[in-house]
Amino acid sequence: MKFFLDTASLKEISWAAQAGLIDGVTTNPSLLAKQAGDLDPKDVLKEICSVVEGPVSAEVVALDTDGMVTEGARLAEIADNIVVKIPMTEAGMVAVRQLAADGIRTNVTLCFSSVQCLIAAKAGASYVSPFIGRLDDVGQEGMDVIREARTIFDNYRIDTQILAASIRHPRHVVAAAMIGADVATLPPDVLRKLLLHPLTDRGLDQFLADWNKLVGRAKAPV
Ligand code: G3P
C-alpha cells in the first residue's frame, strides 16, 4: 500500500519525505488555503513537487468542463509529478476523459459511492478518492465503498488506483490495507500515530534499563 500525505504543509511534507515514510502528496483547495498565506498556491505546489518524488495531487476549482481542462493543463505544467484532481461531477467526467487523452493523470475526488468510482475509472481516471471519514461522519460505513470498489475493479481488471481518503485514524488505514486499497492518503497526525505503540516505548525503556544495569555491574569496583 502506498502512503500519501494529505496536506499542503511544506514542513510536514519535508519531515515525512526525509523519513522515507511517504510515496506522494494530496492537496485540495481547503488544505492549500490553510497553508499558502500570501504565497501563490502554484508556488506552494511547485515547492511540494520539488520535495516529493511521487505524485502530488492539485485540485481544479473550475466547475465547467472547459474550465477544468484549461486549469488542469496549467496545473500539469507546474511539475511532471502533478496529478490533476477533478471533482466527481458530470462536467468533471468529461474533463477527465479529455485530460486523459492529453496524457494528463487525474485523481477524481469527492467520491462517496463505489459506482462513482466505477464511472470515474471508466472516464480514464488514474486515481479515485473515496472519502471514508466523511461517510462515517454522516453515519454511513465509509469502508464499504473501498470494499465494493476493490471488488468491482478486480472483477473487470480496472487499473485505476483506489486512493482511500478522508482518513481519520489508524484503524481506517488497517481496514483499507486489508481490503487492498492501492493508496491511503494520511493527515500528518494519523501518519505519526501509525508509527507509535506504547508497548514499543515500554519495551525499549526496559531494554535500556537492563543494559545499563549490566554496564553498571561491569564498572562496579571489585
Ligand atoms: O484531501 C482529500 C481528503 O482526504 C480530505 O478529507 O475529510 O479530511 O477533509 P477530509
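Everything discussed here concerns the structure shown above.
Along each chain, the written sequence defines residue order, and numbers are assigned to residues from 1. This being a predicted model, a pLDDT of at least 70 is required before a residue's local features are given, and a value of 80 or more before pairs of side-chain atoms are given or counted; all residues contribute to the totals for chains, interfaces and linings. Hydrogens are left out, water is left out, and the side-chain values use all remaining heavy atoms of the structure.

1. Things to note about the pattern of salt bridges
As a reminder of what qualifies: Whenever a carboxyl oxygen of Asp or Glu lies within 4 Å of a side-chain nitrogen of Lys or Arg, that contact is scored as a salt bridge. The secondary structure listing takes helices from DSSP runs of H or I that are at least 4 residues long and strands from runs of E that are at least 2 residues long, numbered from the N terminus. Burial classification: accessible surface area is computed with a 1.4 Å probe over protein chains only, and a residue below 20% of its type maximum counts as buried, one above 50% as exposed, and the rest as partly exposed.
Following the criterion strictly, the structure yields six salt bridges and no others. The shortest N-O distance in the salt bridge between Arg150 and Asp154 comes to 3.0 Å. Here the residue Arg150 and the residue Asp154 both occupy positions in helix 8 (residues 142-155), the gap between them amounting to four residues, near one helical turn. The class for Arg150 is buried, based on a relative accessible area of 11%. Its relative accessible area of 46% is what places Asp154 among the partly exposed residues. For Asp182, the salt bridge is made with Arg150, and the minimal N-O distance between the two is 3.2 Å.

2. What about the site of the ligand?
Heads up, the condition is: Nearness is defined per residue: one heavy atom within 4 Å of the molecule or strand is enough. N or O atoms within 3.5 Å of each other form a polar contact, as long as, within protein, one can give a hydrogen and the other can take it, and as long as residues adjacent in sequence are counted only when both atoms are side-chain atoms. Only the protein chains shown count as cover for residues, and the accessible areas themselves come from Shrake-Rupley with a 1.4 Å probe. The residue classification treats Ala, Val, Leu, Ile, Met, Phe, Trp, Tyr, Cys and Pro as nonpolar and Asp, Glu, Lys and Arg as charged. All others, Gly included, are polar.
The immediate surroundings of the ligand are formed by Asp6, Asn28, Lys85, Phe131, Arg134, Ala165, Ser166, Arg168 and Thr185. Take Asn28: an N or O atom from its side chain is 2.9 Å from an oxygen atom of the ligand. Taking Arg134, its side chain carries an N or O atom lying 2.7 Å from an oxygen atom of the ligand. Here the ligand, which alone exposes 310 Å², has 84% of that area covered by the protein. When grouped by side-chain class, the residues that make up the shell around the ligand number two nonpolar, three polar and four charged.

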